[in-house]
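# Tertiary structure, described
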There are 2 protein chains.
Amino acid sequence: MTVTIMDVAERANVSKATVSRVLNDQGGYSEKTKRHVLKAIEELEYNPNAVARSLTNKKTHTIGIVLPDLISSLTTNFLNEIEAVAHKAGSSIIVCHTESKGAKTMKYLKLLHEKRVDGIILASTILQKEYYDYIEKTKIPIVLLSTDSEYPVSSVTADDYAAAYMATKYLIQQGHKKVGMISGNKEEWVAGNHLPRVEGFKTALLDHKLSANEDHVVYGRFSCEDGATGLTKLIGQVPGLTAIFTENDEIGMGVLSAAYQLGIKVPEDISVIGMDNVKFCEFLNPPLTSVSLSHSEMAEKAANLIFEMIESNKAVKKNYIVSHRVVERQSVNSL
Amino acid sequence: MTVTIMDVAERANVSKATVSRVLNDQGGYSEKTKRHVLKAIEELEYNPNAVARSLTNKKTHTIGIVLPDLISSLTTNFLNEIEAVAHKAGSSIIVCHTESKGAKTMKYLKLLHEKRVDGIILASTILQKEYYDYIEKTKIPIVLLSTDSEYPVSSVTADDYAAAYMATKYLIQQGHKKVGMISGNKEEWVAGNHLPRVEGFKTALLDHKLSANEDHVVYGRFSCEDGATGLTKLIGQVPGLTAIFTENDEIGMGVLSAAYQLGIKVPEDISVIGMDNVKFCEFLNPPLTSVSLSHSEMAEKAANLIFEMIESNKAVKKNYIVSHRVVERQSVNSL
DNA sequence: TTTATTAACGTAACCGGTTACGTAAAAGTC
DNA sequence: GACTTTTACGTAACCGGTTACGTTAATAAA
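Along each chain, residues carry numbers from 1 onward, in the same order as the chain's sequence is written. A letter from A marks each chain and a number from 1 marks each ligand, given out in the order of writing. Whole-chain, interface and lining totals are the exception, using all residues; otherwise, since this is a predicted model, local features are given only for residues with pLDDT of at least 70 and side-chain atom pairs are given and counted only at 80 or more. Neither water nor hydrogens contribute to the side-chain values; these are computed over all heavy atoms in the structure.

### Some thoughts on the protein's contact with DNA strand C
A single heavy atom is enough: if one lies within 4 Å of a molecule or strand, its residue is considered near that molecule or strand. Near DNA strand C, the surroundings consist of 29 residues, among which A:Ser15, A:Ser30, A:Thr56, B:Ile5 and B:Ser20 are the closest. By atom count, sugar and phosphate contribute 60% of the portion of DNA strand C lying within 4 Å of the protein. Whenever a nitrogen or oxygen atom comes within 3.5 Å of another N or O atom, the pair is scored as a polar contact, on the condition that within protein one atom can donate a hydrogen and the other can accept it, and that pairs from neighbouring residues in sequence are kept only if both atoms are in side chains. At a separation of 2.9 Å, a base nitrogen of DNA strand C approaches a polar side-chain atom of A:Arg21. Between DNA strand C and the protein, one listed contact pairs a phosphate oxygen with a backbone N or O atom of A:Ser30 at 2.5 Å. In DSSP terms, a helix is any run of H or I states spanning at least four residues, a strand is any run of E spanning at least two, and both are numbered starting from the N terminus. Those elements that provide at least two residues to the surface near DNA strand C are helix 2 (16-23) and helix 4 (50-57) of chain A together with helix 2 (16-23) and helix 4 (50-57) of chain B. Here the surface near DNA strand C gets five residues from one element, more than from any other, and that element is helix 4 of chain B. In this count, Pro and Cys sit with the nonpolar residues alongside Ala, Val, Leu, Ile, Met, Phe, Trp and Tyr, while Asp, Glu, Lys and Arg are called charged and the others, Gly among them, polar. Of the residues assigned to the surface near DNA strand C, the class counts are ten nonpolar, 14 polar and five charged.

### Looking at the packing of helix 1 (residues 5-12) of chain A against helix 3 (residues 31-44) of chain A
Residue and element names in this part refer to chain A. For every element, the axis is a line fit to its C-alpha atoms; helices are fit only across the contacting stretch, and the angle between N-to-C directions ranges from 0 to 180 degrees. For the pair helix 1 and helix 3, the least separation of the axes is 9 Å and the interaxial angle reads 125 degrees. The orientation of helix 1 with respect to helix 3, classified from their angle, is oblique. Crossing of helix 1 over helix 3 shows right-handed handedness. Each of Asp7, Val8, Arg11 and Ala12 in helix 1 lies in contact with helix 3, whose residues at this interface are His36, Val37, Ala40, Ile41, Glu43 and Leu44. The residue inventory of the contact of helix 1 with helix 3, partitioned by class, reads six nonpolar, one polar and three charged. Any angle that falls under 35 degrees is termed roughly parallel, while one over 145 is termed roughly antiparallel, one within 65 to 115 roughly perpendicular, and all others oblique. A clockwise turn of the near helix away from the far one marks a right-handed crossing, whereas an anticlockwise turn of less than a right angle marks a left-handed crossing. Contacts: residue pairs with any heavy atoms within 4.5 Å of one another.

### Some points on the protein's contact with DNA strand D
Close to DNA strand D lie 29 residues, the nearest being A:Ile5, A:Ser20, A:Thr56, B:Thr18 and B:Ser30. Backbone atoms, meaning sugar and phosphate, form 61% of the atoms of DNA strand D found within 4 Å of the protein. In this structure, a phosphate oxygen belonging to DNA strand D sits 2.7 Å away from a side-chain N or O atom of B:Thr18. Looking at the surface near DNA strand D, the elements with two or more residues in it are helix 2 and helix 4 of chain A together with helix 2 and helix 4 of chain B.

### A look at the pairing of strand 4 (residues 142-145) of chain A
Residues and elements named next belong to chain A. Burial classes follow relative accessibility: with a 1.4 Å probe on protein chains only, a residue under 20% of its type's maximum area counts as buried, one over 50% as exposed, and anything between as partly exposed. Here strand 4 shows two buried faces, one formed by Ile142 and Leu144 and the other by Val143 and Leu145. The crossover handedness rule: strands pointing away from the viewer, path from first strand over the helix to second strand clockwise, crossover right-handed. Note that the unit made of strand 3 (residues 119-123), helix 7 (residues 129-138) and strand 4 has a crossover that is right-handed. In this scheme, strands are said to pair when DSSP sees at least two bridges between them. The sheet contact formed by strand 4 and strand 5 (residues 154-158) spans three bridges and is parallel. For Leu144, the partnering residue across the bridge sits in strand 5 and is Ser155.

### Focus: the relation of the copies chain A and chain B
Our superposition of the copies is a least-squares fit, built on the C-alpha atoms of residues whose pLDDT is at least 70 in both. Once turned by 180 degrees and shifted 0.1 Å along the axis, chain A lies on chain B with an RMSD of 0.2 Å. The superposition of one copy onto the other is thereby described by a two-fold rotation axis. Within chain A, the C-alpha atom positioned nearest to the axis of rotation is that of A:Ile94, 2.3 Å from it. Both copies contact each other with a shared surface, as 100% of the interface residues of chain A are interface residues in chain B too.

### Quick word on the sheet that holds strand 2 (residues 92-97) of chain A
Spatially, the twelve strands line up as an open sheet ordered 11(A)-5(A)-4(A)-3(A)-1(A)-2(A)-2(B)-1(B)-3(B)-4(B)-5(B)-11(B), and their pairing is mixed. Where the open sheet ends on each side, the last strands, each with one partner, are strand 11 (319-322) of chain A together with strand 11 (319-322) of chain B. For this sheet the average axis-to-axis angle between neighbouring strands, irrespective of direction, equals 20 degrees. Alignment of strand 1 (residues 62-67) of chain A against strand 2 of chain A, held across six bridges, turns out to be parallel. Across the sheet, the residue bridging to A:Ile63 is A:Ile93, located in strand 2 of chain A. Helix-sheet contacts for helix 5 (residues 72-88) of chain B involve strand 2 of chain A together with strand 1 (62-67), strand 2 (92-97), strand 3 (119-123) and strand 4 (142-145) of chain B, and the interaxial angle to strand 1 of chain B is about 170 degrees.

### A word on the pattern of salt bridges
Residues and elements named next belong to chain A. Between Lys or Arg on one side and Asp or Glu on the other, a salt bridge is scored when a side-chain nitrogen of the former is within 4 Å of a carboxyl oxygen of the latter. On inspection of all chains with the given rule, the structure shows 20 salt bridges over all chains. The shortest N-O distance in the salt bridge between Glu43 and Lys39 comes to 3.8 Å. With Glu43 and Lys39 both in helix 3, this residue pair falls four residues apart, about one helical turn. Residue classification places Glu43 among the partly exposed positions, given a relative accessible area of 42%. We classify Lys39 as exposed; its relative accessible area is 51%. One salt bridge in this structure joins Lys129 and Asp133, with 2.8 Å as the shortest N-O distance. With Lys129 and Asp133 both in helix 7 and four residues apart, the pair spans about one turn of that helix. Each member of the salt-bridge network shares a partner with another, and the members are Arg11, Lys39 and Glu43.

### What to know about empty space enclosed by the protein
Cavities and pockets were defined on a 1 Å grid built over protein atoms only: a cavity is a set of grid points that admits a 1.4 Å probe from which the probe cannot escape, a pocket is an open set flanked by protein on both sides within 12 Å along at least five of seven lines, and lining residues are those with an atom within 4 Å of any such point. Grid points are joined across faces, edges and corners, and a volume is the space filled by probe spheres set on the points. All told, the structure shown has three cavities of 30 Å³ or more when counted by the stated rule. For the largest cavity, the lining is made up of 15 residues, of which A:Val51, A:Lys115, B:Thr60, B:Thr62 and B:Lys115 are closest to its centre. Taken together, the elements giving at least two residues each to the lining of the largest cavity come down to helix 4 of chain A together with helix 4 of chain B. Within the lining of the largest cavity, the residues separate by chemical class into seven nonpolar, six polar and two charged. Taken as a whole, the second largest cavity encloses approximately 130 Å³ of empty space. The wall of the second largest cavity is formed by 17 residues, among which A:Thr75, A:Leu79, B:Thr75, B:Thr76 and B:Leu79 lie closest to the centre. Of all elements in the fold, only helix 5 (72-88) and strand 2 of chain A together with helix 5 and strand 2 of chain B reach the threshold of two or more residues within the lining of the second largest cavity. Per-element tally for the lining of the second largest cavity: the top contributor is helix 5 of chain B, with six residues.

### Focus: the packing of helix 1 of chain A against helix 2 of chain A
Residue and element names in this part refer to chain A. With their axes 8 Å apart at the nearest point, helix 1 and helix 2 run at an angle of 105 degrees to one another. Relative to helix 2, the element helix 1 lies roughly perpendicular. Contacts between helix 1 and helix 2 involve Ile5, Met6, Val8 and Ala9 on the former and, on the latter, Lys16, Val19, Ser20 and Leu23. Residue classes in the contact of helix 1 with helix 2 are distributed as six nonpolar, one polar and one charged.

Right, here's the structure in full:
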């Protein structure tokens, strides 16, 4: 049916070994036979079978990405960047979407191992002991993207604590004294990096001699809707509230939207700063000030790292922390 | 190194054929040997090699998705939905990002064939003759997602013409007489469905005895920035403009943002209707009225269709058109 | 001219599974 | 008890490549 290396060999009157050699530029054949082989390939429209090749080579030129439900622009950021790097490295990516369910993650890891991917990027997912053990056993190179871990594995992360601290400090420097935070789900196992964010927020407040207790933070999940409900809740909990730090831009967007509906003016009545500096920040009304975590950069680093690990098959382990900065727009007032 | 079916066979004192049989529940072995085999698998932590399996089975349980640069929420919509369906069908997805470059598309098609994917979903990409010929030759099942084609291939699309017509008619019915459109790039080969959108727009105008010439349409690319520049341009080109139809929500978002910056009130001064009904519409200020194209539904249908085609390996060809409707929010005023 | 070296291949084993076919033992039939 | 059928396997070929090794012919060296 489909044409194989054997067909090419026969038509070119050589052995399949020779065909394989010219295919891989390995030398060991004359110019003339090379031409013959190439001609046969051309005529038969031969397309090598990567599956067969992978079997002997023990390399699939495929890496797996597993990620939970994320803000769409984050997912896209990650995926785009990783895919671009992978493509340059001559590899493809299999994406696995875990829907925030732990069980599915383990299933996916097994699946990816079955498919013999060359490496795995695990994004925004806490590395459970179970996962770690499995990865250790299978020896698949792995890098964590946007999560740290207690286990010795490569990772590319942002310093969430410091970033949150910076966001909060920025608000304080603009003169705000009553500031609240809207966070993701307390129990949420995804991302797993909101606790540092809450800590950074509180510490910044405390460091500047401002009060900071649990009333100052409101928990939701990770979406726009939470911004809306969070806003009213927060206003109730902290009297005289003038500024809000939202754990991510999507929540920030929700706050902006809710404020608009409630007739609360941003930034005149209340200032908002988000986090992630996602693309749409610029186009919100008002444009959302946000602390940039350069997700693209993270993803790119993670992708490069995984290929580095794959190539030098020594067990290199590296941990990168990308920088952050606040990008000022118009959602924060100075008092 | 890694444990193979042979290792299992030896430990269980059977042939690898038998191991394979119990692995695939094929019968032809006693309960006792089954237990032995299972025990050996357990003890050795055997994990079958999908690559080897694919080689004989001629099935990789992998499908390829190729898509160009899209609005991130669209991409995510597509990917999520397709991945979910694929996962249920026991398959994985390889995503290929063409960055709106035609050359890359062909490369990806070849790559996917090399990797012997079971099927391909080609999203928002015009099916060039070259692609079609290649697909025909390789006999890979393919379905087009969000693009039609002159060639006989399966597809799941929206009726862009009708949807644009509906959007425009909606504006007219709200009393608008001077309405303009901001479209994507005229020459853009991606999406390929903006021409019908422009046509739908113009026809709706004409059908209601309103003027519609090329001045009423402004072309950009597909992003927020185009909304911003498009707005000022359009205001210049059509005097007395009261409403704008944007080819997609991202442009719509850009218009909203630009209007805010320019002090133009939406919808009081100018009404805006978008297209796609992407998630963030609800959270814009004001919330953006948009005609819903149910992309999730499209993606799901496309995914189901591709697996249907893969299973019944007859060359089934089906063409679905999903419905559309305008979802009213607050960006359109009635005069 | 004879011998050593190298170039240009072919042969066959291997990667890790699946499966058609053959066979011995167990079970069923008369 | 002899014969047929069924069960429970093992053997070996196969999927489509890669590669170690062996062989022959051409070329270089002596």
